[in-house]
Amino acid sequence: MGADDGLLARLRSAVGADAVLVDPDVTASYRRDMMPLAPYGSPLAVVLPADAGAVQEVVRACAAAGVPIVPRGAGSGLSGAANAVDGCVVLALTRMNEILEVDPDNRLAVVQPGVVNLDLRNAVEKHGLFYPPDPSSYDWCTIGGNLSTNAGGLCCVKYGVTTDSVLGLDVVLADGELLRTGRRTVKGVAGYDLTKLFIGSEGTLGVITQATLALRPLPQAPGTMFAAFSSVSAAGAAVSRVVREGIVPSLMEIMDASSIAAVEEYLNTELGAGKGCAALLICQSDSGGEAARRELTAIEQVCTDVGADLAHTTYDPAEGQLLLKARRAVLMALEVYGAWLTDDVCVPRTRIAELIAGCERISAEVGLRIAVVGHAGDGNMHPTIVYDPTSESEFARARQAFDDILEVGLGLGGTVTGEHGVGKIKREWLAREIGPIGLRVHRDIKNALDPANLFNPGSMFAL
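Residues numbered from 1 in each chain as written. Predicted model: local features only at pLDDT ≥ 70, side-chain atom pairs only at ≥ 80, totals over all residues. Heavy atoms only, no water.

Undergrad: What is the right way to look at the packing of aromatic side chains in this model?
TA: Aromatic ring pairs: the centre-centre distance and the angle between the two ring planes describe each pair. Across all of its chains, the model carries two aromatic pairs by this definition. Taken together, a centroid distance of 5.3 Å and an interplanar angle of 75° make the contact between phenylalanine 130 and tyrosine 159 edge-to-face. With phenylalanine 130 in strand E7 (residues 129–130) and tyrosine 159 in helix H6 (residues 156–159), the pair connects residues that are 29 residues apart, well separated along the chain. Of the two residues, phenylalanine 130 and tyrosine 159, both sit in the buried class. (Phe/Tyr/Trp six-rings, centres within 6.5 Å; stacked < 30°, edge-to-face > 60°. Helix = DSSP H or I, 4+ residues; strand = E, 2+ residues; numbered from the N terminus. Buried < 20%, exposed > 50% of the residue type's maximum accessible area, 1.4 Å probe, protein only.)

Shown next as structure tokens:
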């Protein structure tokens, strides 16, 4: 029996034969996430554990055999963070999908990592509660993947990213031990904040097997305001003034002209922005009643003051949903023109217009369509490059545009990722952003917790 056969036998003993997949035609679908540029390899096996104990046994078996482990959720990521390396074991956590507890009195939930984001939202809504993080893929992405990449979403301007809703974690370490971090209380400052250390670590430090999540009261049905601008700079000025005046909507999204055109064609509808619209701002308030009216009236007035061609507020849920559907449909709409490559760069909110202008320049330079949408409320933009995947030239130009956009973002005082993570596509950019001392500290932490480089080798940075 070879070394691989011995490992596979031990894995089958740990999780059951049906939970160890080795057929290349099956494991191929676990090789990569949604980022087409990130490198990926062929796994030795895909293992689907059902509980934390099984994860511990898998980790111990792989550690003994010297075989790396790549933790994985649904594969909705956009950074290559869940991409396999040759000969690894992909640890797919999608079968660990139980909502273990919902505690309405303490406003928390305890869940396994394979729970789908939308399923959790629907479950806690029955108790009058709300789980805020809402990535665009919320109807199929999993909580474990959200935790590993510190995912964001459309409501970050008011509610923050995933880490802002996490109280504690259970994590399997490289020696197979189970670490419990955090607490169930509202406050807690005992020791290092190990919970936040593992959130956003992209599976490089351990395997998250359980999370205790903070919930909020269910918000009111949102009112929606949208404003159309004939210049991106005017839309940017509106965002800056809303922030300066201390107005905090539950959502503030921006779409450029290319995004608007694509969505209108895809949905066969008009968004009401009118001809010549260079940017559309969509805002919502879920404060309810008079508070929501004050917030949206103030935002509408700001937009009018800075030169919006049109500003309109609606409290009709169907009309608001139509606008939000348009925003969420941008990536699907762009598929009409070719394959898409979406970037993730966050800049100071005062410099959103400059980033969009930079993307327009890059689009002209590379000769490819670049549509920009993003979370204007926190400056997190998603320039999306459209290209022909059968053309080597277009693929190369798309890759060049991807890097050029990151260059512009850093130059504007931004960061190379606001919510998608670093993964295997932005390693060099992470090194540039955090510098040699920051990179050394990252490596020191990795070496302390995972000295054999068992977990997700090559993701985020190289040792």
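Undergrad: Can you help me understand a nonpolar patch on the surface in this one?
TA: Side chains of Tyr266, Met332, Val336 and Tyr337 sit close together on the surface and give an oily, nonpolar patch of about 370 Å² of accessible area. Its relative accessible area of 37% is what places tyrosine 266 among the partly exposed residues. (Patch = residues over 30% accessible without salt bridge, like charges linked within 9 Å, V, L, I, M, F, W, Y side chains within 5 Å. Areas by Shrake-Rupley, 256 points an atom, 1.4 Å probe, with all protein chains shown as cover. Salt bridge = Lys/Arg side-chain N within 4 Å of Asp/Glu carboxyl O.)

Undergrad: Whenever I open this one, the layout of surface pockets confuses me. Can you help?
TA: Gaps left between atoms show up when a probe the size of a water molecule is rolled over them. The computed volume of the second largest pocket comes to approximately 670 Å³. Arg121, Phe130, Pro222, Gln321 and Leu324 are, among the 26 residues lining the second largest pocket, the residues nearest its centre. Put simply, the parts of the chain that give the lining of the second largest pocket at least two residues each are helix H4 (117–125), E7 and helix H11 (317–328). It is H11 that provides the largest number of residues to the lining of the second largest pocket, a total of six residues. Its residues assigned to classes, the lining of the second largest pocket comprises twelve nonpolar, seven polar and seven charged. (1 Å grid on protein atoms, 1.4 Å probe; cavity = no way out; pocket = protein on both sides within 12 Å on 5 of 7 lines; lining within 4 Å. Points joined across faces, edges and corners; volume = space filled by probe spheres on them. Nonpolar A, V, L, I, M, F, W, Y, C, P; charged D, E, K, R; others polar.)

Undergrad: Any chance you could explain helix H13 (residues 352–366) here in plain terms?
TA: Since one α-helical turn is 3.6 residues long, residues separated by three or four positions face the same way. Given a rise of 1.5 Å per residue, 15 residues ought to cover 21 Å, and the 21 Å separating the end C-alpha atoms of H13 matches this to within 8%. The complete set of buried residues in H13 reads Ile352, Ala353, Leu355, Ile356, Gly358, Cys359, Ile362, Ser363 and Val366. Looking at the buried side of H13, the elements it contacts are helix H8 (232–244), strand E13 (251–256), strand E17 (345–346), strand E18 (370–375), strand E19 (380–387) and helix H14 (392–411). Count one or two residues on from H13 and you reach glycine 367, which has phi positive near 70°. (Expected span 1.5 Å × (residues − 1). Contact = heavy atoms within 4.5 Å.)

Undergrad: Is there a simple way to think about the state of the cysteines in this case?
TA: Covalently bonding the sulfur atom of one cysteine to the sulfur atom of another cysteine gives a disulfide. Scanning the model with the defined rule gives zero disulfides in all. Just so you know, cysteine 62 is unpaired, no disulfide at all, and the nearest cysteine sulfur is the one on cysteine 88, 8.9 Å from it. With a relative accessible area of 0%, cysteine 62 lands in the buried category. The thiol of cysteine 283 is not disulfide-bonded; the next cysteine sulfur, from cysteine 303, is found 6.0 Å away. Relative accessible area serves as the criterion here: at 0%, cysteine 283 is assigned to the buried category. (Disulfide = S-S within 2.5 Å.)

Undergrad: Which parts of the structure should I look at to understand the sheet that holds strand E10 (residues 207–214)?
TA: The strand order across the open sheet formed by five strands is E5-E6-E10-E8-E9, and the pairing between neighbours is antiparallel. A strand with exactly one partner marks an edge of an open sheet, and here the two such strands are strand E5 (99–103) and strand E9 (178–182). This sheet shows a mean twist of 10° between the axes of neighbouring strands, independent of strand direction. Pairing analysis gives four bridges linking strand E6 (residues 108–111) to E10, with the strands arranged antiparallel. Residue pairing in the sheet places alanine 109 in a bridge with leucine 213 of E10. (Pairing = 2+ DSSP bridges. Axes fitted to C-alpha atoms, helices over the stretch in contact; angles between N-to-C directions.)

Undergrad: Would you mind showing me how to read the sheet that holds strand E2 (residues 45–47) here?
TA: In any sheet, the strands associate via hydrogen bonds between backbone groups, in a parallel or an antiparallel arrangement. Spatial strand order, E1-E2-E4-E3: four strands in an open sheet with mixed pairing. The strands lining the two open edges of the sheet, one partner per strand, are strand E1 (20–21) and strand E3 (69–72).

Undergrad: Looking at this structure, how should I read the nonpolar core?
TA: For soluble globular proteins, the rule of thumb is that nonpolar side chains tend to be buried together. Residues Phe229, Leu281, Cys303 and Ile385 are the most contacted members of the largest nonpolar core, which totals 51 residues. Here this core takes seven residues from H13, the largest share from any one element. If we skip the residues at most four places from it in the chain, leucine 281 touches Met225, Phe226, Ala227, Phe229, Ala238, Val239, Met252, Glu253, Ile254, Cys303 and Ala376. Grouped together as the second largest cluster of nonpolar side chains are 36 residues, Leu8, Leu44, Ile69 and Val207 included. (Core = buried A, V, L, I, M, F, W, Y, C linked by side-chain atoms within 4.5 Å.)

Undergrad: Just to check I follow, could you spell out the packing of H8 against helix H10 (residues 289–305) for this structure?
TA: Two numbers describe a pair of packed helices, the interaxial angle and the distance between the axes. At their nearest, the axes of H8 and H10 sit 9 Å apart, and the two run at 140° to each other. As summarised for this structure, H8 and H10 are arranged oblique, according to the angle between their axes. As for the relative orientation of H8 and H10, their crossing is right-handed in sense. Of the residues in H10, those in contact with Ala238, Arg241 and Val242 of H8 are Ile299, Val302, Cys303 and Asp305. (Parallel < 35°, antiparallel > 145°, perpendicular 65-115°, else oblique. Left-handed = near helix turned anticlockwise from the far one by under 90°.)

Undergrad: Can you walk me through unusual backbone geometry in this structure?
TA: Leave glycine aside and you will find that most residues have negative phi; peptide bonds, for their part, are mostly trans. Residues other than glycine seldom take positive phi values, yet asparagine 150 does so here, at roughly 55°. Secondary-structure assignment places asparagine 150 in the loop between helix H5 (143–149) and H6. The backbone of asparagine 268 shows a phi angle near 55°, a positive value even though the residue is not glycine. Here asparagine 268 lies in the loop between helix H9 (257–267) and strand E14 (279–285).

Undergrad: Would you mind going over the pairing of strand E8 (residues 166–172) with me for this structure?
TA: A regular strand carries its side chains on alternate faces of the sheet. The buried fraction of E8 amounts to seven of the seven residues, a majority that puts the element mostly inside the structure. Here E8 runs beside E10; their pairing, made up of six bridges, is antiparallel. Bridge pairing links valine 171 to isoleucine 208 in E10. Note: E8 against E9, five bridges, orientation antiparallel. By the bridge assignment for E9, glycine 168 is matched with glycine 182. Linking E8 to E9, which pair antiparallel, is a turn of five residues; within it glycine 176 sits at a positive phi near 90°.

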